[in-house]
Amino acid sequence: MQQMKKLISVTIMLIMLLGLSSACDRDRGVSLDAEAVDIPVPVYSVKQTDEPAYSETAAAVEPNTVSETAEAVTPAPTPGPTPTPSPVPMESVGYWAAHINRNGVNLRSKPSTGSDILGKLNLGEKVFITGKLEGWYQVMYGELTGYVAEEFITLGSYATPTPKPTPTPKPTAKPTAKPTAKPTAKPTAKPTNTPKPESYHTVYPGQFSEDDIILVARYLRREQPYGGQEDLRAIASVILNRVLDDKTTIFPNTVRGVLFQHNQFCTEAQLEGYEPNQKTLTAARYVFSEHGATMPKTVFFFRAAYLGIVWHPYEDFTQYYTTINGVNFYKGIKYW
């Protein structure tokens, strides 16, 4: 900047000197047109720079004013998208046995009250828990898998109410002895009818095929997966009693026919996926190949004990016989 000012000052002085010289020549009568005098005029170029040019007006602006203006127009940062929460994973649990603790409980397709209802469950019905998720249990009920709210399930088997004992009658006072009367002839006592002993079906080796025994064992695995030998043999005996029944034509005379009889034990499709284990095979062989039935010939029915002893609406042709490991067994009394 200083150099430029010096150059400008020199140029102005030369121009003033030339003006004075011309005036003197006019005064002396000398014409400038007679002969031109070339006086070189220096040309000055301004060097280019990336620095901002100095300005007194710009220098007068306070720095705070410029800063506040810049801050006023700075846009606020755009907030990023809200992250989607990751779904809570299903907690896998063991194959827990449990039961429904009230009537009319919904079995749903998903752990939500807005999902489809697969069925209704009632008090005491057995389910198996396979998972847990935020107040819901994932359960297996027969061939169905769904979800039931946690508050409607109790772990363990349903407790059958214990019947109240019949009160022992109080002894009555002995009557006062009356005068001895003349002896009368004693009537001849009628013979009492001694109840006939219960009869049971027996079997011999080879009477039933290996396929029949495996089929019974598969059904026992589905019907009573946690049963012991006593109740498994009793259920197998009910099947044998129906197959060998010779008093009526109500039941088929084959194992397959009895198991898949309409509205009785199950359908063939319902046995898919159930394979026999050592426990159910042992019970099936005991009844169908080695020993025979452990239930009397007229025991044709059974159901879960938590449903009660009286079997509505079949009480007219069934008679309660016994209970084994949570299973009630009944005789047929109308046609036998």
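Residues numbered from 1 in each chain as written. Predicted model: local features only at pLDDT ≥ 70, side-chain atom pairs only at ≥ 80, totals over all residues. Heavy atoms only, no water.

1. So, the overall build of the protein
Helix and strand counts for the protein come out as seven helices and ten strands. Accessible surface, the protein: about 24500 Å² in total, of which carbon and sulfur atoms supply 56%. (Helix = DSSP H or I, 4+ residues; strand = E, 2+ residues; numbered from the N terminus. Areas by Shrake-Rupley, 256 points an atom, 1.4 Å probe, with all protein chains shown as cover.)

2. A word on the nonpolar core
Grouped together as the largest cluster of nonpolar side chains are 34 residues, with contacts concentrated most on Tyr-219, Phe-288 and Phe-329. Secondary structure elements with two or more residues in this core: helix H4 (210-223), helix H5 (229-244), helix H6 (255-259), helix H7 (278-290), strand E8 (299-304) and strand E10 (327-332). The element that contributes the greatest number of residues to this core is H5, accounting for eight residues. Sequence-distant contacts of Tyr-219, defined by excluding residues within four places in its chain, comprise Ile-235, Ile-239, Leu-259, Phe-265, Cys-266, Leu-271 and Phe-302. Residues Ala-98, Ile-100, Ile-129 and Tyr-137 belong to the second largest nonpolar core, which totals twelve residues. (Core = buried A, V, L, I, M, F, W, Y, C linked by side-chain atoms within 4.5 Å. Buried < 20%, exposed > 50% of the residue type's maximum accessible area, 1.4 Å probe, protein only. Contact = heavy atoms within 4.5 Å.)

3. Focus on a nonpolar patch on the surface
The grouping of Ile-8, Ile-12 and Met-16 at the surface amounts to a nonpolar patch, some 310 Å² of accessible area in total. Relative to the helices and strands, Ile-8 resides in helix H1 (residues 2-28). (Patch = residues over 30% accessible without salt bridge, like charges linked within 9 Å, V, L, I, M, F, W, Y side chains within 5 Å. Salt bridge = Lys/Arg side-chain N within 4 Å of Asp/Glu carboxyl O.)

4. Side note on the confidence of the model for the protein
Scored by pLDDT, the protein has a mean of 77; 65% of the residues are at 70 or more. Between the elements of the protein, mean pLDDT differs from a low of 41, seen in helix H2 (residues 56-60), to a high of 97, seen in H5. Note that pLDDT drops below 50 for residues 23-73; the model gives that stretch ten contacts with residues more than four away or on any other chain. (pLDDT = per-residue confidence, 0-100.)

5. Quick look at the packing of aromatic side chains
Counted by the stated rule, this structure contains 13 aromatic pairs. Ring plane angle 45° and centroid distance 5.3 Å describe the contact between Phe-128 and Tyr-226, whose orientation is recorded as tilted. Taken together, the positions of Phe-128 in strand E4 (residues 126-133) and Tyr-226 in the loop between H4 and H5 put the pair 98 residues apart, joining distant regions of the chain. For Phe-128, a relative accessible area of 10% corresponds to the buried category. Summarising the aromatic geometry, the rings of Phe-301 and Trp-311 are spaced 6.3 Å apart at their centres and angled 90° between planes, so their arrangement reads as edge-to-face. Within this pair, whereas Phe-301 is found in strand E8, its partner Trp-311 is found in the loop between E8 and strand E9 (318-324), the two being separated by ten residues in sequence. In this structure, Phe-301 and Trp-311 share a single accessibility class: buried. By the ring-pair criterion, three or more aromatic residues cluster together here, those being Phe-251, Phe-300, Phe-301, Trp-311, Tyr-314, Phe-317, Tyr-320 and Tyr-330. Over the ring of Tyr-286 we find Arg-233, and its NZ or CZ is 3.6 Å from the ring centre. (Phe/Tyr/Trp six-rings, centres within 6.5 Å; stacked < 30°, edge-to-face > 60°. Lys NZ or Arg CZ within 6 Å of the ring centre and 35° of its normal.)

6. Let's talk about the sheet that holds E9
Adjacent strands of a sheet form backbone hydrogen bonds with each other and so pair up, either parallel or antiparallel. Ordered in space as E8-E10-E9, the three strands form an open sheet in which the pairing is antiparallel. Strand pairing shows two members of the sheet lacking a second neighbour, E8 and E9, which therefore form its edges. Neighbouring strand axes in the sheet, compared pairwise and without regard to direction, differ in orientation by 30° on average. Pairing of E8 with E10 involves five bridges; the strand directions are antiparallel. Across the sheet, residue Val-299 finds its bridge partner in E10, namely Lys-331. On the sheet, H5 packs against E8, E9 and E10 and is oriented at approximately 135° with respect to E8. (Pairing = 2+ DSSP bridges. Axes fitted to C-alpha atoms, helices over the stretch in contact; angles between N-to-C directions.)

7. Considering the packing of H4 against H5
For any two helices packed against each other, the geometry comes down to the angle between their axes and how far apart the axes lie. It is the contact of H4 with H5, at a shortest axis distance of 11 Å, that shows an interaxial angle of 125°. Taken together, H4 and H5 sit at an angle that is classed as oblique. The crossing of H4 and H5 is right-handed. Residues Val-216, Tyr-219, Leu-220 and Glu-223 of H4 pack against Leu-232, Ile-235, Ala-236 and Ile-239 of H5. (Parallel < 35°, antiparallel > 145°, perpendicular 65-115°, else oblique. Left-handed = near helix turned anticlockwise from the far one by under 90°.)

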